[in-house]
Amino acid sequence: MNAFIEKLFGKDWGYNQGSPGSIGGKIKRIRELRGWTQKELGIKCGFSESTADVRIAQYEKGKKVPREKALKDISAALEVNEGVLFDANFASRQLMYHAFFDIEDFHGLHPTLINGKYYLEFDADTSYDYFLKMWSEMREKCMPNSIDSEEVMMAKSEEYDLWRFEYPSNIETEEADHFQKLVELHRQEEKVNIAYTDAFGTAELNKVNIAMENALAKVKVHYKDITLESEVIYLLQDILALGIKIETKPPITKENSELLHIFSFKAEDILSNEAFKPLYATLLCQFETMRNASIDVRQLITSNDKVFYISFYIASKQANYVGNIIRYWDELVFTSTSHVWMPKDEFEARVRDFQVNITGENDMVLTVV
């Protein structure tokens, strides 16, 4: 790329000679990538036909700097964001060093030593990771190789430069198209899942209910109404300990409900795991207590990719408890299974912290009416 820039601009990159990073240098390069003459660009900017080429030539050579309106007109004509046309004359290493320092202050760029070599990296921020990923992929795509002809190398270099000048609007367009395709795919999947649930969901729910009859009858003999909503969460803790996965993503349903989705279990887990059945039966009893306390709890059968789920919706401000139990569960499991020795009282304190993290300070008292 350096050799290519030298070929285009020459090695004398003084400010007034239209260096690649100057406003004039960028105008010239983008204009050439578009395949336009100076006059054609000037006319596109709205300049008079008699002075169009002269004005563009003055800007490109650095004899004049476009004022705000002219800069907007030129950016629009070149089909690039206005932010592209700024002075970035970093031919001087001293200027380059201080540009890095500025990027450090604003965006967290900093040097790091890895295996004896220094690299530049950003502070943790996924948006920068995405930018670097896009940049790396395009650079790799346009990197010339030994079998490329001069014409191919020139075409790759122009594609790379044009991609950089158009960034990020080119990516935003690609993302928008990709997002639209995902939305349409989701809609199609939703239709398929709803149709599958309509056709087979009732039978699957009946199968689960029949399989639960004995376990539910046994639990009801000893069950006592819960008095705090957090007791549901402690039961979920026992369910997780069995290795049962709790799905927390909202399933696809036909209902446009204001109820807050809490969690789902795979129907197959209920049907096949005998140790899970008494816990699931207790959970059903707890939900009945909540209904008697005027909390709206609904059980639904849903499907995703022909897999059935028993899903629960609940009208409760405490719904974040379920998210909390998922969030802190791995931490508790690591604590209990790690090989680091821990006094019993410290471990018990960790368990208490776990419960506090789940329930928070505003547990809901259930009053059965």
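Only a predicted model underlies this, so the values are computations on that prediction, with no experimental measurement involved.

A.B. asks: Got a minute to help me understand the overall build of the protein chain in this structure?
C.D. replies: The number of helices and strands found in the protein chain is 14 helices and five strands. Within the protein chain, contacts between residues at least 6 apart in sequence are counted, and of these 65% link residues at least 24 apart. With an accessible surface of roughly 23200 Å², the protein chain has 54% of that area assigned to carbon and sulfur atoms.

A.B. asks: How should I be thinking about the packing of aromatic side chains in this particular structure?
C.D. replies: Any two aromatic rings considered together are summarised by their centre-to-centre distance and by the angle between their planes. Under the definition given, this model contains 13 aromatic pairs. Each ring, one from Phe 263 and one from Phe 287, has its centre 6.1 Å from the other, and the planes form 25°; the classification is stacked. With Phe 263 in strand S3 (residues 260-266) and Phe 287 in helix H12 (residues 276-292), this pair connects stretches of sequence that are 24 residues apart. For the residue pair Phe 263 and Phe 287, the accessibility class agrees, reading buried in each case. Site record: aromatic cluster; members linked through ring pairs are Phe 263, Phe 265, Phe 276, Tyr 280, Phe 287 and Phe 312. The residue whose ring lies beneath Lys 44 is Trp 36, and the NZ or CZ to ring-centre distance is 4.6 Å. Here Arg 55 stacks its cationic end above the ring of Phe 47, 3.8 Å away from the centre of that ring.

A.B. asks: Help me understand the environment of Phe 47, please; the structure alone is not making it clear to me.
C.D. replies: Looking at the element boundaries, Phe 47 is found in the loop between helix H3 (38-44) and helix H4 (52-60). Those residues in contact with Phe 47 that sit more than four places away from it in its chain are Gly 42, Ala 52, Arg 55, Ile 56 and Tyr 59.

A.B. asks: Looking at this structure, I do not really get the nonpolar core. What am I missing?
C.D. replies: A general trend in soluble globular proteins is that nonpolar side chains are found buried together. In this structure, Phe 263, Phe 265, Met 290 and Ile 310 are the most contacted members of the largest nonpolar core, which totals 37 residues. Residue assignment for this core shows that the elements contributing at least two residues are helix H9 (169-222), helix H10 (230-241), S3, helix H11 (267-272), H12, strand S4 (297-304) and strand S5 (307-314). Considering every element that reaches this core, the biggest residue donor is H12, with eight residues. Ile 23, Leu 33, Ile 74 and Leu 85 belong to the second-largest nonpolar core, a separate cluster that totals 20 residues.

A.B. asks: Where do I start with the packing of helix H2 (residues 23-34) against H4 in this structure?
C.D. replies: A packed helix pair is summarised by two numbers, namely the angle formed by the two axes and the spacing between the axes. Between H2 and H4, the shortest axis-to-axis distance is 7 Å and the interhelical angle comes to 125°. Between H2 and H4, the angle falls in the class oblique. The residues of H4 that touch H2, namely those facing Gly 24, Gly 25, Ile 27, Lys 28 and Arg 31, are Ile 56, Tyr 59 and Glu 60. The class makeup of the residues in the contact of H2 with H4 is three nonpolar, two polar and three charged.

A.B. asks: Can you help me understand a negative patch on the surface in this one?
C.D. replies: A cluster of acidic side chains, namely Asp 102, Glu 104, Asp 105, Glu 121 and Asp 123, defines a negative patch on the protein surface. Residue class for Asp 123 comes out partly exposed when judged on its relative accessible area of 43%.

A.B. asks: Sorry, what's going on with a nonpolar patch on the surface here?
C.D. replies: The grouping of Tyr 97, Phe 100, Phe 101, Ile 103 and Leu 120 at the surface amounts to a nonpolar patch, some 450 Å² of accessible area in total. By residue number, the principal contributor to the nonpolar patch is helix H6 (residues 93-107), which donates four residues. Within the secondary structure, Phe 101 sits in helix H6. On the basis of relative accessibility, which here comes to 44%, the residue Phe 101 falls in the partly exposed class.

Cut-offs used in this document
- Residues numbered from 1 in each chain as written.
- Predicted model: local features only at pLDDT ≥ 70, side-chain atom pairs only at ≥ 80, totals over all residues.
- Heavy atoms only, no water.
- Helix = DSSP H or I, 4+ residues; strand = E, 2+ residues; numbered from the N terminus.
- Contact = heavy atoms within 4.5 Å.
- Areas by Shrake-Rupley, 256 points an atom, 1.4 Å probe, with all protein chains shown as cover.
- Phe/Tyr/Trp six-rings, centres within 6.5 Å; stacked < 30°, edge-to-face > 60°.
- Buried < 20%, exposed > 50% of the residue type's maximum accessible area, 1.4 Å probe, protein only.
- Lys NZ or Arg CZ within 6 Å of the ring centre and 35° of its normal.
- Core = buried A, V, L, I, M, F, W, Y, C linked by side-chain atoms within 4.5 Å.
- Axes fitted to C-alpha atoms, helices over the stretch in contact; angles between N-to-C directions.
- Parallel < 35°, antiparallel > 145°, perpendicular 65-115°, else oblique.
- Nonpolar A, V, L, I, M, F, W, Y, C, P; charged D, E, K, R; others polar.
- Patch = residues over 30% accessible without salt bridge, like charges linked within 9 Å, V, L, I, M, F, W, Y side chains within 5 Å.
- Salt bridge = Lys/Arg side-chain N within 4 Å of Asp/Glu carboxyl O.
- Lys, Arg positive; Asp, Glu negative; His and termini not counted.
- Charge placed at Lys NZ, Arg CZ, Asp CG, Glu CD.

All we've got here are geometric facts, nothing functional implied.
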